[in-house]
Amino acid sequence: DTAVSQTPKYLVTQMGNDKSIKCEQNLGHDTMYWYKQDSKKFLKIMFSYNNKELIINETVPNRFSPKSPDKAHLNLHINSLELGDSAVYFCASSQGRGAWELFFGEGSRLTVL
Amino acid sequence: SQQGEEDPQALSIQEGENATMNCSYKTSINNLQWYRQNSGRGLVHLILIRSNEREKHSGRLRVTLDTSKKSSSLLITASRAADTASYFCAVWGQNFVFGPGTRLSVLP
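For clarity, every value in this text was computed on a predicted model and none was experimentally measured.

**Side note on the overall build of chain B**
Thinking step 1. A tally of regular secondary structure across chain B gives zero helices and 11 strands.
Thinking step 2. The C-alpha atoms of chain B give a radius of gyration of 13 Å, which matches the 13 Å a tight globule of 108 residues would have.
Thinking step 3. Seen through its C-alpha atoms, chain B measures out along the principal axes to roughly 40 × 25 × 20 Å.
Thinking step 4. Long-range contacts, defined here as pairs at least 24 residues apart, represent 54% of the contacts in chain B between residues at least 6 apart.
Thinking step 5. Accessible area for chain B stands at about 5000 Å²; split by element, carbon and sulfur atoms hold 44% of it.

Structure below.
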């Protein structure tokens, strides 16, 4: 069984559209994250979510919003997509915050045309 | 910024050689982690070293940490073609912050 799974793996859409990426972890972890990896492979934290506490990277536009229906899921909603949103988005989870190993999903490649 | 910065940005070696990658960071840390990313895949955790540790081994991997120099190194011994990947260090601030990575190519 895949520990951290994301869907869809690929997403191609037009500018201005709204889209969602889903993430589920079956590890029983308390903390989940969304990272954005740009074309130069640089990974940037977008959000972390732990016990209903959301920590947002202040540089993330408010068009991006995480939604967590339960501890095992952290979905990413993106409104009014822009060309610069094209990237690979990674979901990750960890047992807690701090000195814990991160488990990553396989990524969702978003292309905005 | 807590950001780790790896160097070199890219490294190309022959199979069987050792590969050394370095990571520098700017502020005090609790721990530092190394991850590997194969092309088109997610990141995979390799090793975690705590701030009170100086060296750690895992198979062919050896990680050192020098908190006085705010730097860490990852050594892969007897490299294999399958080690071809990008390697990232990550340091913990309010969240894990990753460096830009080192792209390692191991030529058969």
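**Observations regarding the interface of chain A and chain B**
Thinking step 1. Residue-level contacts link 21 residues of chain A with 21 residues of chain B.
Thinking step 2. If you look at where chain A meets chain B, you find one salt bridge.
Thinking step 3. Measuring nitrogen to oxygen at the nearest pair gives 2.3 Å for the salt bridge that ties A:Glu106 to B:Arg41.
Thinking step 4. Viewed at the interface, chain B and chain A are joined by five residue pairs in polar contact (both at pLDDT 80 or more).

**Some remarks on the nonpolar core**
Residue and element names in this part refer to chain B.
Thinking step 1. Residues Leu32, Trp34, Leu74, Ile76, Tyr87 and Leu104 are the most contacted members of the largest nonpolar core, which totals 22 residues.
Thinking step 2. Every element with two or more residues in this core is listed here: strand S3 (19–24), strand S4 (31–37), strand S5 (43–50), strand S7 (61–66), strand S8 (71–76), strand S9 (85–92) and strand S11 (102–107).
Thinking step 3. With four residues, S9 is the single largest residue contributor to this core.
Thinking step 4. Residues in contact with leucine 104, not counting those within four places in the same chain, are Leu11, Ile13, Ala19, Met21, Ile76, Asp83, Thr84, Ala85 and Tyr87.

**A look at the environment of A:Val88**
Residues and elements named next belong to chain A.
Thinking step 1. When you line up the elements, valine 88 lands in strand S9 (residues 87–94).
Thinking step 2. With relative accessibility at 13%, the residue valine 88 sits in the buried group.
Thinking step 3. A C-alpha to C-alpha distance of 14 Å links valine 88 and lysine 19, two positions 69 residues apart in sequence.
Thinking step 4. Leave out the neighbours within four places in its chain, and valine 88 touches Tyr35, Lys36, Gln37, Gly107, Ser108 and Arg109.

Each value, and the rule that gives it
- Residues numbered from 1 in each chain as written.
- Chains lettered and ligands numbered in written order.
- Predicted model: local features only at pLDDT ≥ 70, side-chain atom pairs only at ≥ 80, totals over all residues.
- Heavy atoms only, no water.
- Helix = DSSP H or I, 4+ residues; strand = E, 2+ residues; numbered from the N terminus.
- Rg over C-alpha atoms; globule rule 2.2 N^0.38 Å.
- Contact = heavy atoms within 4.5 Å.
- Areas by Shrake-Rupley, 256 points an atom, 1.4 Å probe, with all protein chains shown as cover.
- Salt bridge = Lys/Arg side-chain N within 4 Å of Asp/Glu carboxyl O.
- Polar contact = N/O pair within 3.5 Å; in protein donor to acceptor, adjacent residues only side chain to side chain.
- Core = buried A, V, L, I, M, F, W, Y, C linked by side-chain atoms within 4.5 Å.
- Buried < 20%, exposed > 50% of the residue type's maximum accessible area, 1.4 Å probe, protein only.

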